[in-house]
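Structural overview for review
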Amino acid sequence: MSRVLIISNDVIGAQMAGPGIRTWEMAKLLATEHAVTLLTPTRTDLKHPRLSINLATNDSVKTCVRTHDVVIGQGQILSRYPLLLQHSIVKVVDLYDPSPIGFLETSPTGNMKTQMEAHHSLVRDYCDYLRAGDVFLCASERQWNFWAGMLTAVGRINPGVYENDRMLRNFLIVVPYGVPATPPMHRRQVLKGVWPGIGHDDVVVLWGGGLWEWFDPMAAVEAMDIIRGKRADIKLFFMGVKRPNASVTTSYTASQTIARAEQLGLVNRWVFFNDWAPYEERENFLLEADLGLNIHRHNLETRFSFRTRMMDYIWAGLPIITTEGDPLSDLVRTNRLGLTVPCGQPELLAEAILQAADAPETRLAWKKNCLITAQEFTWSRVFEPIVDVCRSPRPARDKEHAALWLSFMGNTANAPTPAALYYLRRAMHYYRALGMRGLMIQTIRWWRRR
């Protein structure tokens, strides 16, 4: 048994987004075999009998690394708590969310110099994470290729790690997003016949996650504008618009989508927006829906993404309509879990929704295929490699030669610290999104975390 420290960079609580859910499920699973401490960025209302849960601060992190064998978290924890970068504790860095790619979609306008500075700061942060980690996790084979290139660029794929691991599968491990092993249960009615404007016999099309810049919810709204001219019983429900993490602002895409739906006269008649469904409540929404929607734009983020809420659809046996281009849309097509459509074509999306709505027997076949596929992605199955790492955590074999790589790269003694770069980049984000007042409020939050 090992002493495992897990540090979450996202909210853990009744309402959680993908990163928090992944961290919470990982902590619960590892706690069945190891002594696990979970540190969270805000106080949580969740409890677990085998977990020690505390607030993440500089002091709590400093104390925990002295008494634990391995630390697990997304790369950002190494910026928030830079003492981890040089500490000897074995570091498992979760890279399932390739932020340097996603960030390209979050700041498409504005001063180019400012955008470039923020981008380079983020990439530099990730180079620090890749140099510091001992084991790395990613979500798909496409991501594996991406991170293998990045690891090569920072000198981490080298003779030291290659000698006894020629395919590097113990160094860079594919660990997808998962689903619970137990099937979802419908505990109470939340949509059909309950939500104003949604009838008992309506066909509910569910958008199961947030509305971020790499998605294309506007196409879904435009498709509904087409559909309402043909059928009155098909409704689109957005399950979460306002993210649980208060430090992450609502996206411009969400605001624009709501505005467009209002302009078309669809809101609360054909299109419905919910703030955010609690984690344990999502089962009711999933089981009452008839189709799960995943619509994204054609871009680089899509290629390397792993759509976490798509896994909820599969878990609940909810047939899927998705745009093409990401690994999970390939899975939908291969395993016959629903329909795929090209990006950026609301007319074809509307046609696919109408086709699925008119084919209940086909939807039933898709449902069965989803439930079979879900068995391949249970949390216990996808997290098996992490359990193995924690049984015998060891530093990466090339760590003893780290100084040699730095000597080739030149002196970096005068470079800004990772923590300074992290907070500078976040400050720029808050200033652009919320102005000076918003930046001051967030600065106070950061200070209280110290």
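Residues numbered from 1 in each chain as written. Predicted model: local features only at pLDDT ≥ 70, side-chain atom pairs only at ≥ 80, totals over all residues. Heavy atoms only, no water.

Judged by nonpolar contacts, the single largest core of 63 residues is most densely connected at Ile 6, Leu 30, Ile 72, Phe 237 and Ile 386. With near-sequence residues (within four places) excluded, Leu 30 lies in contact with Val 4, Ile 6, Val 36, Ile 72, Ile 386, Val 387 and Cys 390. (Core = buried A, V, L, I, M, F, W, Y, C linked by side-chain atoms within 4.5 Å. Buried < 20%, exposed > 50% of the residue type's maximum accessible area, 1.4 Å probe, protein only. Contact = heavy atoms within 4.5 Å.)

Let us now look at the packing of aromatic side chains. As enumerated under the stated definition, the model contains 13 aromatic pairs in all. Where Phe 146 meets Trp 147, the ring centres are 4.9 Å apart and the plane angle is 75°; that geometry is what we call edge-to-face. The exposure class of Trp 147 is buried, given its relative accessible area of 0%. When the centroid spacing of 4.8 Å and the interplanar angle of 85° are considered together, the rings of Trp 195 and Phe 237 count as edge-to-face. Of the two residues, Trp 195 sits in the loop between strand E7 (172–174) and strand E8 (203–207) while Phe 237 sits in strand E9 (residues 234–238), which places them 42 residues apart along the sequence. On the accessibility criterion, Phe 237 (0% relative accessible area) is buried. Members of the aromatic cluster, connected to one another through ring pairs, are Tyr 126, Tyr 129, Phe 146, Trp 147 and Phe 304. Lying across the ring of Tyr 96, Arg 22 places its NZ or CZ 4.4 Å from the centre. Above the face of the Trp 270 ring, Arg 228 is positioned so that its terminal group lies 5.3 Å from the ring centre. (Phe/Tyr/Trp six-rings, centres within 6.5 Å; stacked < 30°, edge-to-face > 60°. Helix = DSSP H or I, 4+ residues; strand = E, 2+ residues; numbered from the N terminus. Lys NZ or Arg CZ within 6 Å of the ring centre and 35° of its normal.)

Time to look at the sheet that holds strand E4 (residues 70–74). Strand order in the open sheet formed by 7 strands is E3-E2-E1-E4-E5-E6-E7, with parallel pairing between adjacent strands. Each of the sheet's edge strands pairs with one partner strand only, and the pair in question is strand E3 (51–55) and E7. For this sheet the average axis-to-axis angle between neighbouring strands, irrespective of direction, equals 20°. In this structure, strand E1 (residues 3–7) lies alongside strand E2 (residues 35–40), joined through 5 bridges in parallel fashion. Residue Ile 7 lies in a different strand from E2, and its bridge partner there is Leu 39. The strands touched by helix H7 (residues 141–153) are strand E6 (135–138) and E7; relative to E7, the strand with the most contacts, the crossing angle is about 170°. (Pairing = 2+ DSSP bridges. Axes fitted to C-alpha atoms, helices over the stretch in contact; angles between N-to-C directions.)

Right, let's talk about the pattern of salt bridges for a bit. Applying the stated rule across the entire model yields 23 salt bridges. With a closest N to O distance of 3.0 Å, Arg 142 and Asp 330 form a salt bridge. You can see Arg 142 sitting in helix H7 and its partner Asp 330 sitting in helix H14 (residues 327–335), a full 188 residues away along the chain. Given a relative accessible area of 25%, Asp 330 falls into the partly exposed group. Overlapping salt bridges bring together Glu 33, Asp 388 and Arg 391 as one network. (Salt bridge = Lys/Arg side-chain N within 4 Å of Asp/Glu carboxyl O.)

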